[in-house]
Amino acid sequence: MKIFIDTANIGEIRKAAAMGLLDGVTTNPSLVAKEGKNFRQLLAEILEVVDGPISAEVVSTKTEEIIPEARDLAAIHPNIVVKIPLTKDGLAAVRTLSREGVKTNVTLCFSPTQALLAAKAGATYVSPFVGRLDDVSIDGMELIRRILTIYRNYGFTTEVLVASIRHPIHVLEAALAGAHAATIPFKVIEQLFRHPLTDIGLENFLRDWNSSQAKLV
Ligand code: E4P
């Protein structure tokens, strides 16, 4: 499963990239707004740190406005994936853009039938939001499993990018379901490393080593 970081914070992106496990980055207008930087400047900084798909979202809502905005974003760098909302206008734009070879990430997906439409439109990725579904008492991971089944049934090449991840169990279940990718907040990436038995085990190994005559050479 590919691991993307879900942030527009360059400090977090640098730290995650240094871990050597990062395959890509996803941003959204809320995450970008939090950074208070020029969007293109921010994308340039991210592109310097990560050599993988970087999702940048359009803010237009009409097909005829989404298409030129998406083309402009895609022209910045071949690693840019244009994030487009799962609306009628958005999917019409995805259809045109996918024919031109623009990579797209269809976002704000909350149902299997929406995901079916995204795949038929030619999306490169679809982003189903598991945490936001859990928030309203709907099982977000069931959505992932259903989308994967539909995509397998018809051989769609659209990749399922699990989004709105809130904790390590979401990551575990995404991997068990066979999702292609998960976009994970920095805090959760850090949580994935931790296990108290690892810490205790290492502490004991080092204490035993240091209290003995054992030497490295
Ligand atoms: C990613 O593509 C989404 O923008 C993001 O995962 C949404 O996460 P949230 O529900 O925690 O805001």
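Quick caveat: nothing in here was measured; it's all calculated off a predicted structure.

The rules we used
Residues numbered from 1 in each chain as written. Predicted model: local features only at pLDDT ≥ 70, side-chain atom pairs only at ≥ 80, totals over all residues. Heavy atoms only, no water. Helix = DSSP H or I, 4+ residues; strand = E, 2+ residues; numbered from the N terminus. Buried < 20%, exposed > 50% of the residue type's maximum accessible area, 1.4 Å probe, protein only. Contact = heavy atoms within 4.5 Å. Areas by Shrake-Rupley, 256 points an atom, 1.4 Å probe, with all protein chains shown as cover. Near = heavy atom within 4 Å. Polar contact = N/O pair within 3.5 Å; in protein donor to acceptor, adjacent residues only side chain to side chain. Nonpolar A, V, L, I, M, F, W, Y, C, P; charged D, E, K, R; others polar. Pairing = 2+ DSSP bridges. Axes fitted to C-alpha atoms, helices over the stretch in contact; angles between N-to-C directions. Parallel < 35°, antiparallel > 145°, perpendicular 65-115°, else oblique.

Moving on, we come to the overall build of the protein chain. Counting its secondary structure elements, the protein chain contains 11 helices and 8 strands. In terms of overall dimensions, the protein chain has a C-alpha envelope of 75 × 40 × 30 Å along the principal axes. The 217 residues of the protein chain split such that 45% are buried. The long-range share in the protein chain, meaning contacts at least 24 apart out of those at least 6 apart in sequence, stands at 55%. In the structure as shown, the protein chain presents an accessible area of about 11,400 Å², 56% of it carried by carbon and sulfur atoms.

Backbone geometry at leucine 108 places phi at a positive 65 degrees, although glycine is not the residue there. Along the chain, leucine 108 turns up in strand β5 (residues 104-109). Despite not being glycine, serine 137 has its phi angle at roughly 65 degrees, a positive value. In this structure, serine 137 sits in the loop between α7 (130-135) and α8 (140-154). For serine 137, a relative accessible area of 73% puts it in the exposed group.

This next bit is on the site of the ligand. Near the ligand the following residues occur: Asp6, Asn28, Lys83, Phe129, Arg132, Ala163, Ser164 and Arg166. In this structure, an oxygen atom belonging to the ligand sits 2.6 Å away from a side-chain N or O atom of arginine 132. Serine 164 has a polar side-chain atom sitting 2.7 Å from an oxygen atom of the ligand. Residues belonging to the shell around the ligand are distributed by class as follows: 2 nonpolar, 2 polar and 4 charged.

Here leucine 43 is to be found in helix α3 (residues 39-49). Once the C-alpha coordinates of leucine 43 and isoleucine 10 are considered, the two residues, 33 residues apart in sequence, prove to be 9.5 Å apart. What leucine 43 contacts, discounting residues up to four positions off in sequence, is Ile54, Ala56, Leu73, Ile76 and Ile80.

Quick look at the sheet that holds strand β1 (residues 2-6) now. Taken together, 8 strands build a closed barrel; the order of strands is β1-β2-β3-β4-β5-β6-β7-β8 and the barrel is parallel. Within this sheet the neighbouring strands show an average axis-to-axis angle of 30 degrees, counted without direction. Here strand β2 (residues 24-26) pairs with strand β3 (residues 54-57) via 2 bridges, running parallel. By the bridge assignment, threonine 26 is partnered in β3 with serine 55.

The next point concerns the packing of helix α1 (residues 10-18) against α3. For the pair α1 and α3, interaxial distance at closest approach is 10 Å and the crossing angle is 10 degrees. Taken together, the axes of α1 and α3 lie roughly parallel to each other. Across the interface between the two elements, Ile10, Ile13, Arg14 and Ala17 of α1 pack against Glu45, Ile46 and Val49 of α3. Classifying every residue of the contact of α1 with α3 by side-chain character gives 5 nonpolar, no polar and 2 charged.

Within the secondary structure, threonine 183 sits in strand β8 (residues 181-184). Given the relative accessible area of 1%, threonine 183 is considered buried. Only 3.4 Å separates the side chain of threonine 183 from the backbone nitrogen of aspartate 6, close enough to count as a polar contact. For threonine 183, the side chain forms a polar contact with the side chain of threonine 26, separated by 2.5 Å. When neighbours within four sequence positions are excluded, threonine 183 is seen to be in contact with Phe4, Ile5, Asp6, Thr26, Leu161, Val162, Ala163 and Ile165.

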